[in-house]
Amino acid sequence: MLDIAALGPAGQYRTRRRTSVTDASGVPVLELASVPGLVVSHWIDTLRGSEPLSVAEMPDVLRKAADVFEAEEILGDDLAAHQGRVAALTGTPVSVVRECDRLITETLRDVLRAPSLARPTGCAALGAPVPETPAAGAAWCRTGDVFAVHAAGNSPGVHSMWLEALALGYRVVVRPSNRDPLTPFRLVTALWQAGVPTTQLVLVPCDHATADLIIERADRALVYGGQDVVDKYRNRSDVLIQGPGRSKLVVAADADRRAGLALAVEGAAYHAGTACTATTGVLVEHDPAGFARELADALRELVLVGPQDDAACLPCMPEADAERLAAAVLERAGNATVHLAPRVERLGGEGALATITPAVVELASAKNPLLSYEVPFPCVWVAPFERDAPDVLDGSLVLALHTGDAALVARAVEFTAVSNVYWGRPTSWVHQDVPHDGFLGEFLMRAKGLAHGD
């Protein structure tokens, strides 16, 4: 059984207390260290008192880390073996794991791109020496020294985000998900080997009480979770929450219906339906029932194979977990029209590995709260859309609009609880210059007035 140590300021740290981690079939495959609170507090004190690499030094170091991540054996695995192991562990299709790892290495090789885009135009360039800054202006400075990350396990790609904090001089504490400790272990190890000081970056697997302690001891924190996490931290200005996406697509009557269907299929199936930008709700202006039938027919064609198969496009998990998810969707659907019922398919082999097929449910009203009900597989709630009542679109991480009506798009941009508006693109669309949920730099940095003599 694979043994995963914590990574502390003095190197690998093995604990007496371990957490057994099962793979997607429910079979125990690794033991994960569990760091106690007193040790974590000492580590954070050590990080806080350390000197980070400068912003000027970081790009070269992180580019080297990308090379190490891709080319070196870590935990006995080269990159291909690592990706296969992550797929088997999490049930995430291996093609998605590869895509996320590419995102990590691309971010490492251009890590200051996003901070540069986020930097206010009135602030001096990142890392510019004071003598080279304007005589009267502003510097863009960290709002703290220690940044904590409570990582999610639904996608390896979440580990591309905190690299920006590291590059800006934060000392970073990563608390990995028990579902996927392998990706952050490989990444932190690669960063250490490339030259990031161990006193600037640590990996801290731990229990929930210690995880709360990390949040309290850090200056800034990035936390992933469901509605319970949102409710817990919603009033904390020092905590950035990555909660449910509730991403929606509008298919208006003035747009090509076939293209709208393609957007819905692409968004629903994105990252096996587990990403926060995967399409959860589709609002259709004309004939939502017919659209739901067409969407069900398209999603019914997705193949049913294990996560390590290149053709995999659906999540895998223990059979009992899949049964609970399918039952929950059908129970909540109640009297709604189920065009495609989720089905659990046993895949065989050791354990109880199963996959779950997509679901499409038609709702009578867009005001039904099920339009935002998320589950970790492709599940789409289709409802009618009325242009004179667009408020139902608010509260979405991504709102995609398939329409020729520029006024409708402009109105959507004004919704305060919509983070991203995409016109003619699926909810899952990504671009390196488009922030996921605002620029992280808005949370990490602030403008500080700066003036010096001639």
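This text follows the structure it describes.
Treat the numbers as computed from the prediction; the structure is a model and nothing was measured. (Residues numbered from 1 in each chain as written. Predicted model: local features only at pLDDT ≥ 70, side-chain atom pairs only at ≥ 80, totals over all residues. Heavy atoms only, no water.)

1. Describing the overall build of the chain
Scanning the chain for helices and strands turns up 14 helices and 22 strands. Its C-alpha radius of gyration of 23 Å places the chain within 12% of the 22 Å reference for a compact globule of 454 residues. Counting only C-alpha atoms and orienting by the principal axes, one finds that the chain spans roughly 65 × 60 × 35 Å. Looking at the 454 residues of the chain, the share that counts as buried comes to 54%. Restricting to contacts in the chain with at least 6 residues of sequence separation, those with at least 24 account for 71%. (Helix = DSSP H or I, 4+ residues; strand = E, 2+ residues; numbered from the N terminus. Rg over C-alpha atoms; globule rule 2.2 N^0.38 Å. Buried < 20%, exposed > 50% of the residue type's maximum accessible area, 1.4 Å probe, protein only. Contact = heavy atoms within 4.5 Å.)

2. Quick word on the sheet that holds strand β19 (residues 379-384)
The 7 strands are arranged β15-β18-β19-β13-β12-β20-β21 in an open sheet whose pairing can be described as mixed. The open sheet has two edge strands with one neighbour each: β15 (337-340) and β21 (418-423). On average, adjacent strands in this sheet sit at an angle of 20° to one another, irrespective of strand direction. With 3 bridges joining them, β15 and strand β18 (residues 359-362) adopt antiparallel strand pairing. Its bridge partner lying in β18, Leu340 is registered against Val360. Packed onto the sheet, helix α11 (residues 288-299) meets β12 (247-251), β13 (279-284), β15, β18 and β19 and runs at close to 165° relative to β19. (Pairing = 2+ DSSP bridges. Axes fitted to C-alpha atoms, helices over the stretch in contact; angles between N-to-C directions.)

3. Considerations on empty space enclosed by the protein
A full pass over the atoms with the stated rule returns 2 cavities of 30 Å³ or more. Considering the residues around the largest cavity, the lining is formed by Ile74, Leu75, Asp77, His82, Arg85, Leu182 and Arg186. Elements that contribute at least two residues to the lining of the largest cavity include exactly α3 (79-90) and α7 (182-194). Quantified by volume, the second largest cavity comes out at close to 40 Å³. Together, Thr90, Gly91, Thr92, Pro93, Asn154, Arg179, His271, Ala272, Thr274, Pro315 and Cys316 line the second largest cavity. When grouped by side-chain class, the residues that make up the lining of the second largest cavity number 4 nonpolar, 6 polar and 1 charged. (1 Å grid on protein atoms, 1.4 Å probe; cavity = no way out; pocket = protein on both sides within 12 Å on 5 of 7 lines; lining within 4 Å. Points joined across faces, edges and corners; volume = space filled by probe spheres on them. Nonpolar A, V, L, I, M, F, W, Y, C, P; charged D, E, K, R; others polar.)

4. Re the layout of surface pockets
Taking a probe equal in size to a water molecule and rolling it over the atoms shows the remaining empty space. Here the second largest pocket defines a volume of roughly 380 Å³. Residue lining of the second largest pocket: 21 residues in total, with Val55, Gly127, Ala128, Trp140 and Cys141 positioned closest to the centre. Contributing elements (two or more residues each) for the lining of the second largest pocket: β6 (136-142) and β22 (445-451). Looking at which element gives the most residues to the lining of the second largest pocket, the answer is β6, with 4 residues. Residues belonging to the lining of the second largest pocket are distributed by class as follows: 15 nonpolar, 4 polar and 2 charged.

5. Topic: the pattern of salt bridges
Within the structure shown, the criterion is met by 28 salt bridges. A salt bridge links Lys232 to Asp212, with the nearest nitrogen and oxygen atoms 2.9 Å apart. Of this pair, Lys232 sits in helix α9 (residues 227-233) while Asp212 sits in helix α8 (residues 208-217); the two residues are 20 residues apart in sequence, bridging distant segments of the chain. The exposure class assigned to Lys232 is partly exposed, which follows from its relative accessible area of 48%. Here Arg300 makes a salt bridge to Asp297, at a shortest N to O gap of 2.8 Å. A residue is classified by how much of its surface remains accessible, and Arg300, at 43% relative accessible area, is partly exposed. If you follow the salt bridges from partner to partner, you end up with Asp3, Arg14, Arg18 and Glu31 in one network. (Salt bridge = Lys/Arg side-chain N within 4 Å of Asp/Glu carboxyl O.)

6. Overview of the nonpolar core
Within the largest apolar cluster, 64 residues are counted, with the highest numbers of intra-cluster contacts made by Phe147, Trp162, Val172, Leu191 and Leu201. When residues of this core are assigned to their parent elements, the largest contribution, 8 residues, is made by α7. When neighbours within four sequence positions are excluded, Phe147 is seen to be in contact with Trp162, Ala165, Tyr170, Arg171, Val172, Val173, Arg220, Ala221, Leu222, Phe443 and Leu444. In this structure, Ala354, Val361, Ala383 and Leu399 belong to the second largest nonpolar core, which totals 33 residues. (Core = buried A, V, L, I, M, F, W, Y, C linked by side-chain atoms within 4.5 Å.)

7. Brief notes about the side chain of Arg220
The residue Arg220 is located in strand β10 (residues 220-224) in this model. In contact with Arg220, not counting residues within four places along its chain, are Thr143, Val146, Phe147, Ala148, Tyr170, Ser237, Asp238 and Phe443.

8. A look at the state of the cysteines
The final tally for this structure, using the stated rule, is 0 disulfides. Here Cys141 stays free of any disulfide, with the sulfur of Cys123 as its closest cysteine sulfur at 7.9 Å. (Disulfide = S-S within 2.5 Å.)

9. Overview of the pairing of β10
Counting buried residues along β10, 5 of its 5 residues qualify, which places the element largely inside the surrounding structure. Bridging between β10 and strand β11 (residues 239-242) involves 4 bridges; their strand directions are parallel. Its bridge partner being in β11, Val223 is matched across the sheet by Ile241. Each parallel crossover has a hand, and the one from β10 via α9 to β11 is right-handed. (Right-handed = clockwise from strand over helix to strand, strands pointing away.)

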